[in-house]
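Residue-level listing of the chains:
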Amino acid sequence: MCGISGVVSYAEGMDPSRQMSWVTTMVAALAHRGPDDSGIAQSGSAVFGMARLSIRGCQDGKQPIVDSETGVMVVCNGEIDNHEELRDWLAGRGRQVEQATDVAVIPGLYLELGEAFVERLVGAFAIAIWDPRIGQLLLVRDRVGERPLFFAVRDGVTVFASQVAALCAGNPIALHPSSESLAGYLQLGYFRAPHSPFAEVQKVMPGELVAIDRNGTRRTRYWRLRFAAHTRNSSEDFDAVFRSAVRRQSDVDVEFGLFLSGGLDSSLVAAVARSLHPEKRLRAYGLRFHEDSYDEGPYAVRVAESLGVDYTSIWVRPENFPVTLADLIQKSGEPLADPAWVPTALLARRAAEDVRVALVGEGADELFGGYPTYFGAKLAEYYNRLPDAVRSSIRRFVEGWPASDKKVALSFLLKRFVQGEGLDFLARHLLWTAAISPAILRRLGVEPPAFPSPDGFPAPMLDRLQQHDLETSLAEGLLTKADRASMRSALELRAPFLDLGVLEFVFGLPERERVRGIQTKVFLKRYALRYLPQDIVYRKKRGLSVPLSVWLRDPLYEWAESRLSSAAMDAAGIDRRTAVCLLEEHRARKADHARAIWTLVVLGEWLLWWDSLRCGTRT
C-alpha cells in the first residue's frame, strides 16, 4: 500500500517546477503511508508522486510508472491480487510486463482495454492514470472503497491525493470547510462520498471511475452490490471461494499477521489462514480493556490457542486518547467519529513492529447480514401497526429508562428505535446508527440534514439496507477508520470478506440465508462451524466498542470540555455552550450523550488543527 498524489494542469503557461514542488510537498505529507521509497514523475502537463510501502515485488516496484511509447503514466495505492493472471493475459497479447510488482500490469491493461481495465482488477486499490494522448486523467477506487482517493478541480488545475492532509499541505487550490458536509459528519460520524470536510475537495466513491479533462468531469459507477434472484448457498462452493480469497491476500513478499477479536469474522479469517499456512508462525493482535463488558480478550486468547497462533494483547487506556487522536487528525486531515479509531491505531502501531500486512474481518456484517438493525427494520414494521395508545405507552417507558455504561446498552438502542417512529426504513436505520440524533443537532444550532431516501431500484428492504451499509458506513466509516489508523504506522490491512469472489458469491445468497427472524448471518455461521467451535460461532455479537460513557465523566472530562468550549466550535456554527451542557448532563447521568459528545470532541480537535494550519503554527 502507498500514498499517491498528483497535479494535472490545463492552464496555459503553468510552470512545471511549481507542479513538481506541489507534488513533492504532498509526497512528504504521505510519507507515513509509504516509508520504503518515494518517486515523482512527469508526463506532459501532469506530475504524479508516491510514497511506497513494499508488499509485493519489493525490489523493483518503482512508481509512478510511465509507458515509454505513449507517455501514459500510472500511480496506484493498493494491491492487485490477480496480477499473475493479468500478466499472462497481457503476454498473450504481446505486452511483456517487466516489473515483478503487482501494480505493473495496470499500464498495459489500460492500453489494451481503456476505461474498462478496472473491471478486470481484483484487489483493493486507488489508481490515477494520465493519458497525454487525449489529455485525460482517470481516478479509480476499488469496488468497496478499501483505499481512499480525494481530488479537487479549479481554474484548470486538478489535484489528487490519498489523504486530505496532503491536499492541505500541497494544494494550489484554496480550501474552505463545508458547513453542509460538517453537518453530515455530525449526523453520521463520517463523510459520505463524494463529500469531504472541504467544499472544494471530493472523494472518489466506491466502485467509481472519475474522468477529468479540460471539458469537465465525468463520474461512472462501474460496480455496485446487487443481490440476484437465484439461490446459491453451498458451503462447499463458498469454502473454495473464501480459501482462495485468504490465499490471495496472504500471498505477499513480507510477513503478515492477523487482527483477532475473538468474534466470528476475525476468528474465521484466522482459522482459514492457519489451515492454508499450517507450518507458518502466525501472529495475532487484539485489543484489551480493563472494563469487563468491553473486553473480548479472553475469547481472542482462546481462539488463538486453539489455532496455534501467537497472540499479543494491546491494552487500551483513556490517557491514550488525546495525543493519539490529535496525531491521527493531523496526518489524515479529517475528523472521524468512530471511537475505535484510536484503539485501532494503537493496535496497528504494535502489529507494525512485527508484520507489514494484517488480515481483518471487515465486511462480513454488511455482506452476510450481521447487524441487529437488519431484523430491527422488520420489527419496526410490526411496531408501526400497533395502536397509537400502545406506541405512546412504549415510548414513555423507553424514554424513562436510565442510561447505562455497559457496552451497546439496550436502553440506547430502544430509545433510538422509538425515536424513528414514522420514518421510512432507511431513515430509521440511519437514525439507529447516527452519531448525533436530529433532536440533539437542533439543540446545537445545526439543522439536521435530511436522511437519504431509498433509491428506486426494485429490491427487498434488506437488500437495500445492506447495499447502503456497504457503500457508506463500511466504505466511509469502518474502512476509513481501518485505513487511516493502520497506515499511520505503515501497516496494510486486507479484508478477505471483501474479495471479489466473495462479493460475487453473496450476489446469489437469498435473504433467508442472511437474516431469518432475529437470527443474523445464517449462512456464514453455518459455514464457520467447519473451522470454529459452536460457542464461538454463536456467541452474542459485541463488536469493537470503547467505554467512553465512563471515561468522559472522569479521566477524559477536562480534555473533552476544552475541545467543546473552543471558540472554533462557534465559528463552525455549533453552539459551544450547548455542547458543554451535553457534557455536564452526561457527567451527571441525566442522559447518555457519549456518542454525541465524542463526535463533537473529534470535530473540535479537527477545527483546532485546521485553525493552526491556516495560521501557520503546524507543519
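Shown above is the structure to which this text applies.
So, here's what we can say about the structure. As the structure is a prediction and not an experimental result, all values here were calculated from the model.

Rules used in this analysis
Residues numbered from 1 in each chain as written. Predicted model: local features only at pLDDT ≥ 70, side-chain atom pairs only at ≥ 80, totals over all residues. Heavy atoms only, no water. Phe/Tyr/Trp six-rings, centres within 6.5 Å; stacked < 30°, edge-to-face > 60°. Helix = DSSP H or I, 4+ residues; strand = E, 2+ residues; numbered from the N terminus. Buried < 20%, exposed > 50% of the residue type's maximum accessible area, 1.4 Å probe, protein only. Lys NZ or Arg CZ within 6 Å of the ring centre and 35° of its normal. Patch = residues over 30% accessible without salt bridge, like charges linked within 9 Å, V, L, I, M, F, W, Y side chains within 5 Å. Areas by Shrake-Rupley, 256 points an atom, 1.4 Å probe, with all protein chains shown as cover. Salt bridge = Lys/Arg side-chain N within 4 Å of Asp/Glu carboxyl O. Lys, Arg positive; Asp, Glu negative; His and termini not counted. Charge placed at Lys NZ, Arg CZ, Asp CG, Glu CD. Pairing = 2+ DSSP bridges. Axes fitted to C-alpha atoms, helices over the stretch in contact; angles between N-to-C directions. Contact = heavy atoms within 4.5 Å.

What about the packing of aromatic side chains?
Here the structure, examined in full by the defined rule, presents 25 aromatic pairs. Aromatic pair F321 and W551: ring centres 5.4 Å apart, planes at 80 degrees, arrangement edge-to-face. With F321 in helix α9 (residues 321-332) and W551 in helix α21 (residues 548-551), this residue pair connects regions lying 230 residues apart in the sequence. Of the two residues, F321 and W551, neither departs from the other in class, the shared state being buried. Taking NZ or CZ as reference, R514 lies 3.8 Å from the ring centre of F227, over its face. Against the face of Y299 rests R539, its NZ or CZ located 3.8 Å from the ring centre.

Quick notes on a negative patch on the surface
The grouping of E84, E85, D88, D251 and D253 at the surface amounts to a negative patch. For E84, the location among the structural elements is in helix α2 (residues 83-92).

Some remarks on the sheet that holds strand β9 (residues 157-161)
Spatially, the 6 strands line up as an open sheet ordered β2-β3-β1-β9-β8-β10, and their pairing is antiparallel. The sheet terminates laterally at β2 (37-43) and β10 (201-203), the two strands that pair on one side only. On average, adjacent strands in this sheet sit at an angle of 15 degrees to one another, irrespective of strand direction. Relative to β10, strand β8 (residues 150-154) runs antiparallel, the two sharing 3 bridges. Looking at β10, one finds that A152 is bridged to V201. The strands touched by helix α1 (residues 16-29) within the sheet are β1 (2-9), β2, β3 (46-52) and β9, with β1 carrying the most contacts at an inclination of about 160 degrees.

Section: a nonpolar patch on the surface
A grouping of L386, V390 and I394 is seen on the molecular surface, where their side chains present a nonpolar patch of about 190 Å² in accessible area. One can find V390 in helix α13 (residues 388-399).

With respect to the side chain of E362
Within the secondary structure layout, E362 lies in the loop between β16 (357-359) and α11 (364-368). Summary of buried charges: E362 has no salt-bridge partner, and the nearest side chain of opposite charge, K481, is 4.1 Å away. Residue contacts for E362: discarding those within four places in its chain leaves L474, L479, K481, A495, F497 and L498.

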